[in-house]
Amino acid sequence: MKLGIVGLPNVGKSTLFNAITKAGADSANYPFCTIEPNVGVVSVPDERLGKLRVIYNSERTVPTTIEFVDIAGLVRGASRGEGLGNKFLSHIREVDAVVHVVRCFEDENITHVDGDIDPIRDIETINLELIFADLDSLEKRIIRTQKMVKTGEKRYKEELALLEKIKIGLENNIPIRNMEFDKDERVIVKDLFLLTSKPVIYAANISEEDIGKDYKNIPMAKKLVDFASKEDSEVLVICSKIEEEIAQLDADERNMFLKELGLEESGLDRLIKACYRLLGLISFLTVGPTEVRAWTIVEGTKAPQAAGKIHTDFEKGFIRAETIAYDELIKLGSYNAAKENGLVRSEGKDYTVKDGDVILFRFNV
């Protein structure tokens, strides 16, 4: 999974990136500090791995990972090449989802490209530039499709109708992710690789003084949440600066610090969970004396395709999946005990893998 961290210059993008990846990306206070995207790979926290390692006395745990990309700040006119616009836009095309960092704090020492702080205006600035870029791409696709319609094939006529529908929506400032499509249309839309089709999570970057407050008592954050609710998007309220400090601590210190701040978990943990929900992802687990490992799949994946995440041979020669729910395995304390109690199931090709399934794949190539 690749997530792009985007936003206007100086809203806290790179500070958040530093916090969640500990990669030390430059976060100085001037526009376009980030030119080439910084990339960091982070492990997905999963306490289930440690507990399974104890049961199986495994040599190591291998968590699944997420790739974060810190993309250059966008300014008004980016779709026409202003600032680093074209680079910014090309980098967004490569990610699965967007974490849109929005500044929700005042600080006279940190400049804002528009002079003052307004979360909704900032969001609309970026949305508008992405819409302009999508309209440009769409116009080119429409011209190509119009030529193909002359072949008389029905699919090109249907595609043209869909493209025109999308164009009307964009011209009314509606991002593609907020438009309604049927199942067949969604397949075509996905292949268009348009920017506003990317799912979005908003990160409301608040001040240190506002940590622990209900978002309703932080005027700018509340404004952002109200805006996001209209498009059914999730808002993660964080303080990038504090998250960066938390990232420097060891596990025990981190837990103490979070408790002092009145937080149950770090911004990274909350962000990862939110991104999993956004993209409809789950994890299944494999175990053994060598390693305990987590694998990320899309919710609804069948057993053979889940096996293919481990190795293509597993999918090609799939026979069955010996499966037990994580909670049941932990409750009984061992695989043998679970098997004796009839809790290890033998599932076939039509089985839909569930989050937390501990699976042993049987295959023959």
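Let us look at the structure shown here. (Residues numbered from 1 in each chain as written. Predicted model: local features only at pLDDT ≥ 70, side-chain atom pairs only at ≥ 80, totals over all residues. Heavy atoms only, no water.)

1. Description of the nonpolar core
Then, number 1: Counting 58 residues, the largest nonpolar core has I66, F68, Y202 and L224 as its most contacted members.
Then, number 2: Setting aside chain neighbours within four positions, we find L224 in contact with V102, C104, I120, I123, Y202, A204 and V235.
Then, number 3: One finds L135, L162, L163 and I166 within the second-largest nonpolar core, a separate group that totals 15 residues. (Core = buried A, V, L, I, M, F, W, Y, C linked by side-chain atoms within 4.5 Å. Buried < 20%, exposed > 50% of the residue type's maximum accessible area, 1.4 Å probe, protein only. Contact = heavy atoms within 4.5 Å.)

2. A closer look at unusual backbone geometry
Then, number 1: Positive phi outside glycine occurs at N10, with the angle close to 65°.
Then, number 2: One non-glycine residue, F193, adopts positive backbone phi at about 55°.
Then, number 3: Of note, F193 is situated in the loop between α6 (183-192) and β6 (200-205).
Then, number 4: We classify F193 as exposed; its relative accessible area is 51%. (Helix = DSSP H or I, 4+ residues; strand = E, 2+ residues; numbered from the N terminus.)

3. Digging into the pairing of strand β10 (residues 318-325)
Then, number 1: Pairing geometry for β10 and strand β12 (residues 357-363), over seven bridges, is antiparallel. Bridging across to β12, A321 finds its partner in F361.
Then, number 2: As paired strands, β10 and strand β11 (residues 345-347) are joined by three bridges and run antiparallel to one another. In the strand pairing of β11, E322 is matched with S346. (Pairing = 2+ DSSP bridges.)

4. So, the pattern of salt bridges
Any two side chains of opposite charge can pair, given that their charged atoms come close.
Then, number 1: In total, this model carries 23 salt bridges according to the counting rule given.
Then, number 2: R320 serves as the salt-bridge partner of E322, at 3.3 Å between the closest nitrogen and oxygen.
Then, number 3: Given a relative accessible area of 9%, E322 falls into the buried group.
Then, number 4: A salt bridge links E347 to R345; the nearest nitrogen and oxygen atoms lie 2.8 Å apart.
Then, number 5: Judged by its relative accessible area of 18%, E347 is buried.
Then, number 6: Look at the salt bridges and you will find they share partners, linking D46, R48 and D355 into a network. (Salt bridge = Lys/Arg side-chain N within 4 Å of Asp/Glu carboxyl O.)

5. Notes on the packing of helix α1 (residues 13-21) against helix α8 (residues 240-247)
Then, number 1: Axis separation between α1 and α8 bottoms out at 8 Å; the angle between their running directions is 25°. Here α8 runs roughly parallel to α1, going by the angle between their axes. Considering how the two elements wind past one another, α1 and α8 form a crossing that is left-handed. Of the residues in α8, those touching α1 at T15, L16, N18 and A19 are S240, K241, E243, E244 and A247. (Axes fitted to C-alpha atoms, helices over the stretch in contact; angles between N-to-C directions. Parallel < 35°, antiparallel > 145°, perpendicular 65-115°, else oblique. Left-handed = near helix turned anticlockwise from the far one by under 90°.)

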